[in-house]
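Overview (structure and organization)
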Amino acid sequence: MRLGRILLIGFVLLVLANLWVRQGALITLAAQVAMAVPPVPALAALLVLLGALGLLRRIGISREDVIGVYAFLTLAVALTSGAAMRFFLPALSTPYYFASTENRWAEFFRYIPTWMVPQGDEVIRRYFEGSDGAPVPWDAWAGPLAAWLAFFVALYGLLMCIALVFRPVWEQSEHLAYPMAELPVMLAGYRRDTLHGLWTNGLFWTGFALICLHNLFNILNAFNPAVTALGLETNLNNLLNEHPLTALRPLVFRYRPLIFGMAYMMPGDIVISTLLFYFVYLKGLALFGAVRGLQLPQFPYYRQQSMGSMVGMTAVVIYGARHRIRAVFARLAGRGDGSRWLPLLLIASALVVYGFWALAGMSWWVILAYYGLILSSAITYLRARAETGYPHHWIKPLDQERQILISLLGTERLAPGGNFRSLTLLTVQHFLSRGYLPQLAAFPLEAFRMAREITVDLRRMIVLMVVAVVLGSLVSWWMHIDTAYVYGANILEGGTTSGGQRVALTVNAYEALAGWMRGPAAPNRPQAIAASAGAGLVIVLAALRRLFISFPLHPMGYVFALTGAGENGWAALLVCTIIKQIALRIGGMRLYNRLLPFFLGAIVGHFFAAGTVWSLIASYGGEGFNKYPVWF
């Protein structure tokens, strides 16, 4: 694997992908290609390069290099997506633009270090209102972005080191399947023993064609409602109109071809556990609360349970890898085999992350508590992707890393004596808890697995992913900031006069902060109990699976049920599981392997038809072509 050629090709494709994202996600709001798992430009590049591999070999580009380009793009392109760097940038500018005498936001500006945000009223105003042809004031942005780049490199360095610590346990001891890493490996022809002739397999093209037809009829229906189509979803809420059945809402049958295709490769016990926990446990709790007339807002507190489940799952994962963790850190004392670089880099990265916020003035214990929760969410997601390959970023508790601290302690403990510095800096980091930047470390984890499967040097893949963080961040910042100064952030991403969704979420975070300054929030005991119950249930389920090998419920199913896999993915999981179970009962693993190309074809078909062809047409076709937006 030649890093120079990979980075050259990858950088060119990264710039093109950002221009694609700019047009489709910021200007026309027609396609969110960077939010897919994997990002649409990454898989599109893989397919194009594989198709041209015969020609590329003449100039010295191998199949391993193509996989390297794909691995680079998965992380670098994902960084530019809606809940990643596009969510980060408003954190630096929104409070200064929307501050007013009435909202009193200026009172907490003194808590935000000047080296962390661009300075100058005109710099901020032109960011939101456009610069009328004036050049972008890069000098005002360069210093803060350089500091933040050091933070993000350290954060991803820490997450990659954590992934490398767990990797031998997950791959060699527990034999996790890494389905998302298997996808490009199978498409590139590395599984000839089980998938010989994939690109000439009739079932592959059948799955491809069916999903293409599904998207085609959806597109035609968007322009002409007389055309019959499945659409994106079927709303079942109308079946639940009477009390207490209304408590079972929302119940929506969503058509998710990508989840449908990947579910075939997911472990059956996790899928079935997800469905059981979602319908029996969560919906059962909601129905119970309605029947009993419980007057508890947010009951059954699924987000708080989700945060607790992340902490519990992290404890389970650490316990399972305790011998490996001990061996890695024993290297610092000169005991055991292996290099000292892994524990040293892990500690150094953690110190940079801690030092960044300590330098900003955040209390030491708040840093440790907050990043303990951030890392819990990230580690659980890493485990979920390694074990299931579930193709969605939202297996995480939305905004709970910050909120659970407030639920447990109240705002007075976080702002002792009226010093709101730590709470203000937590709000600056709202993009980490509400977005999915830490979860993107799953792409390096899968890249490390691909390195093993295609027998390339792991160190080269590590370097490649670190460079992906740097280039992905820089190109994303260039694209988003330049676009904001050309058009004005107020009207981008569907905004009218006050910004799009990411700006609105950031405004809400600062409004909450201002509310706590006017009146403190007390600890919320029900939410704290729910979080504790979530952690405890995961640990109990993991213990039962260790004690009883045949115990059917998987703790990851509980995690999935509480997050996006339950509400958004249950329909695709259910349909695919029925097909998979019938195939296994009729023909066993032989039939299972024979049907696998059909589901791979469904995945590729969705990326081709909706993700690539239609998203390009919708993004660049002009007014009216965004009637069928592309979401993953």
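The preceding data block contains the structure.
So, here's what we can say about the structure.

Cut-offs used in this document
Residues numbered from 1 in each chain as written. Predicted model: local features only at pLDDT ≥ 70, side-chain atom pairs only at ≥ 80, totals over all residues. Heavy atoms only, no water. Disulfide = S-S within 2.5 Å. Buried < 20%, exposed > 50% of the residue type's maximum accessible area, 1.4 Å probe, protein only. Axes fitted to C-alpha atoms, helices over the stretch in contact; angles between N-to-C directions. Helix = DSSP H or I, 4+ residues; strand = E, 2+ residues; numbered from the N terminus. Parallel < 35°, antiparallel > 145°, perpendicular 65-115°, else oblique. Left-handed = near helix turned anticlockwise from the far one by under 90°. Contact = heavy atoms within 4.5 Å. Nonpolar A, V, L, I, M, F, W, Y, C, P; charged D, E, K, R; others polar. Core = buried A, V, L, I, M, F, W, Y, C linked by side-chain atoms within 4.5 Å. Salt bridge = Lys/Arg side-chain N within 4 Å of Asp/Glu carboxyl O.

So, the state of the cysteines
- Enumeration according to the criterion identifies 0 disulfides in this entry.
- Cys576 takes part in no disulfide bond, and the closest cysteine sulfur, belonging to Cys212, lies 18 Å away.
- Since its relative accessible area comes to 1%, Cys576 is described here as buried.

A closer look at the packing of helix α7 (residues 138–173) against helix α14 (residues 322–330)
- Two numbers describe how α7 lies on α14: the axes approach to 9 Å, and their chain directions differ by 135 degrees. Relative to α14, the element α7 is oriented oblique. Crossing angle aside, the handedness with which α7 passes α14 is right-handed. On α14, the residues that touch Leu164, Val165, Phe166, Pro168 and Val169 of α7 are Arg324, Ile325 and Val328.
- Class assignment of the residues belonging to the contact of α7 with α14 gives a composition of 7 nonpolar, no polar and 1 charged.

Some thoughts on helix α25 (residues 555–562)
- The element α25 is extensively covered by neighbouring structure, given that 8 of its 8 residues are classed as buried.
- Taken as a whole, α25 has its buried residues at Pro555, Met556, Gly557, Tyr558, Val559, Phe560, Ala561 and Leu562.
- Contact partners of the buried residues in α25: α12 (268–292), α13 (302–320), α16 (364–388), α24 (525–547) and α26 (564–567).

Brief notes about unusual backbone geometry
- Geometrically, the link from His243 to Pro244 is a cis peptide bond, its omega value of 5 degrees lying close to zero.
- Secondary-structure assignment places Pro244 in the loop between β1 (233–235) and β2 (252–254).
- Of note, the bond from Arg249 into Pro250 is cis; its omega dihedral lies within 30 degrees of zero at 0 degrees.

Looking at the nonpolar core
- Counting residues in hydrophobic clusters, the biggest one holds 217 residues, and the most contacted among them are Trp148 and Trp357.
- The greatest single-element share of this core, amounting to 21 residues, is contributed by α7.
- Once residues lying within four places of it in the same chain are set aside, the contact partners of Trp357 are Met116, Trp148, Phe151, Met362, Ile367, Tyr371, Leu425, Val428 and Gln429.

As for the pattern of salt bridges
- If you walk through the whole model with that rule in mind, you get 19 salt bridges.
- A salt bridge links Arg167 to Glu171; the nearest nitrogen and oxygen atoms lie 3.2 Å apart. Taken together, the positions of Arg167 and Glu171, both in helix α7 and 4 residues apart, correspond to about one turn of that helix.
- A salt bridge links Asp457 to Arg459, with the shortest nitrogen-to-oxygen separation between them at 3.4 Å.
- On the accessibility criterion, Asp457 (30% relative accessible area) is partly exposed.
- The structure contains a network of salt bridges with shared partners spanning Glu182, Arg191, Arg449 and Glu453.

Description of the environment of Val165
- Along the chain, Val165 falls in helix α7.
- We classify Val165 as buried; its relative accessible area is 5%.
- In contact with Val165, not counting residues within four places along its chain, are Arg324, Ile325, Val328, Leu342 and Leu346.

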